[in-house]
Amino acid sequence: MKPLRIALLTHSIRPRGGVIHTLELADALAARGHRITLIASAEPGEQMFRPVSHWLELVRLPTLQGDLVSQVSQRINCLVRALPMLLQPGAHDLIHAQDSLSGNALATLRDGGLLDTPWLRTVHHLDHFREDLLNRWQERAWRAADGVACVSQLWLQALREQHGVEAQRMFNGVNLARYQPRPEADEAAALAALGLTETAGPVCLLVGGVEERKNSVRLLQAFGRLRASDPAWRQARLVVAGGASMMDHGAARSAWAEQLAALGLNEGPGQAVLRTGPLPDALIPALMRRATLLAMPSLVEGFGLVALEALACGTPVLVSRRAPFTEHLAGCEAVAWCEPEDVASIAAGLRTAAALPRLTDTPAVCRDYSWERSARLHERWYRQTLAALHAPHAIETALPVC
């Protein structure tokens, strides 16, 4: 079949889940012969956090000012101004947006008669904002699309039950070339530079920074409880990697600082708690291999891909006993569970996960969730969407899971 010309839009060039999804999907679609254009927003001085092999267009944002509503408005308006030059009529068969900022810009351009290319939207998860305008923008960014997909059954059902919208089920995947149990030749030195040489106690890794939906503060409380009560955890370390975000996580970070003081824990190189901030892309798999366990007691996730990536590195994981984790990790080896709003349950889960043996082979769940599978399903969705727009009653719109 004729290759498709696809524009993939993402909100940032920072290593966040939706951005990584976009880059990996682009690679997998290109491997199937499609022509991919990546379009991403970048703040002053920023560059994409990893090399890309596709045509990349950066929409340069101004220095953002004001509160979150003001900054979101500035981002959308910047995209509205920039996208017409990047999405010329006839240049692409389809546009696929991965975020609410791009979705709002595309909706505005179509409303103004400046866009006639079909566009789709993936909803990774939904937030609830205090400011109603942000909630309205979030809904508009998928409701105006020609089709919607979700990466988990949890959010597919949320769209159906709360909004009366039928979405397609897509999948994330694990890049097994990056995430595998065997260490790279030079990663020991990079880890040593972070102060992560051999330690007497467990190393607990949290990827994603200090955020409310990541349940970071309760994880810290559980970690502190184990350090104080369990001799095997007296020398344990909690490493928090990443944290690049456009959202305001000030409340979570204030609560984090208060808990550090209450627990009598110090933060920094060589201390019980290490918060690294954003790291070089290649260091994340190395950190996963170094960790005793990955902790992901999240309150809200779109898919929870980091847990699968850690398992692919051979590292046991602790996850919340709730969707989306229960959708794909139930019955998997090297997985411990917790009730995420119960600190005692998180502490027990940390102890359980730390005692699980490391995996020496890639588990089946990581092989099942491949980017090749994801690209194949996306391609079918794209082609059926285009066919339906030309002949709305000619095909069945429901896609089989494959």
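Everything that follows concerns the structure shown earlier in this document.
Keep in mind that this is a model prediction, so the values were computed, not measured.

Draft legend 1. Layout of the environment of Glu258. Relative to the helices and strands, Glu258 resides in helix α8 (residues 250-263). A relative accessible area of 55% means that Glu258 is categorised as exposed.

Draft legend 2. Structural detail: the sheet that holds strand β8 (residues 203-207). Reading across the sheet, the six strands line up as β10-β9-β8-β11-β12-β13 and stay open at both edges, with parallel pairing between neighbours. Where the open sheet ends on each side, the last strands, each with one partner, are β10 (273-277) and β13 (335-338). Strand-to-strand twist of the sheet, defined as the mean angle between neighbouring strand axes without regard to direction, takes the value 25°. Pairing between β8 and strand β11 (residues 293-296): two bridges, direction parallel. Note that in β11 the partner of Cys204 across the bridge is Leu293.

Draft legend 3. Region of interest: the pairing of β13. Of the two faces of β13, the one lined by Val335 and Trp337 and the one lined by Ala336 and Cys338 are each fully buried. Bridge count between strand β12 (residues 317-320) and β13: four bridges; the pairing is parallel. Residue pairing in the sheet places Val317 in a bridge with Val335 of β13.

Draft legend 4. Spatial organisation of the pattern of salt bridges. For the structure on display, the rule yields 26 salt bridges. Where Arg289 meets Glu187, a salt bridge forms, and the shortest distance between an N and an O atom there is 2.8 Å. Taken together, the positions of Arg289 in helix α9 (residues 283-290) and Glu187 in helix α6 (residues 187-193) put the pair 102 residues apart, joining distant regions of the chain. Neither residue differs from the other here; Arg289 and Glu187 are each classed as buried.

Draft legend 5. Highlighting the packing of helix α7 (residues 216-229) against α8. As a packed pair, α7 and α8 sit with axes 9 Å apart at the nearest point and diverge in direction by 10°. As the angle between them shows, α7 and α8 are arranged roughly parallel. Residue-level inspection shows Ser216, Val217, Leu220, Gln221 and Gly224 of α7 in contact with α8, the latter providing Ala252, Ala255, Trp256, Gln259, Leu260 and Leu263. Split by residue class, the contact of α7 with α8 holds seven nonpolar, four polar and no charged.

Draft legend 6. A look at helix α3 (residues 100-111). If you check α3, its first and last C-alpha atoms are 16 Å apart, about what twelve residues at 1.5 Å a residue would give, namely 16 Å. By the burial criterion, the buried members of α3 are Leu101, Ser102, Gly103, Asn104, Ala105, Leu106, Ala107 and Leu109. Summarising the contacts, the buried residues of α3 are in contact with β1 (5-10), α2 (68-86), β4 (94-97), β5 (119-123) and α4 (132-143). The N-capping residue of α3, defined by a side-chain oxygen 3.0 Å from the backbone nitrogen of Leu101, is Asp99. Positive backbone phi, approximately 75°, marks Gly113, located one or two places after α3.

Parameters and conventions
- Residues numbered from 1 in each chain as written.
- Predicted model: local features only at pLDDT ≥ 70, side-chain atom pairs only at ≥ 80, totals over all residues.
- Heavy atoms only, no water.
- Helix = DSSP H or I, 4+ residues; strand = E, 2+ residues; numbered from the N terminus.
- Buried < 20%, exposed > 50% of the residue type's maximum accessible area, 1.4 Å probe, protein only.
- Pairing = 2+ DSSP bridges.
- Axes fitted to C-alpha atoms, helices over the stretch in contact; angles between N-to-C directions.
- Salt bridge = Lys/Arg side-chain N within 4 Å of Asp/Glu carboxyl O.
- Parallel < 35°, antiparallel > 145°, perpendicular 65-115°, else oblique.
- Contact = heavy atoms within 4.5 Å.
- Nonpolar A, V, L, I, M, F, W, Y, C, P; charged D, E, K, R; others polar.
- Expected span 1.5 Å × (residues − 1).
- Polar contact = N/O pair within 3.5 Å; in protein donor to acceptor, adjacent residues only side chain to side chain.

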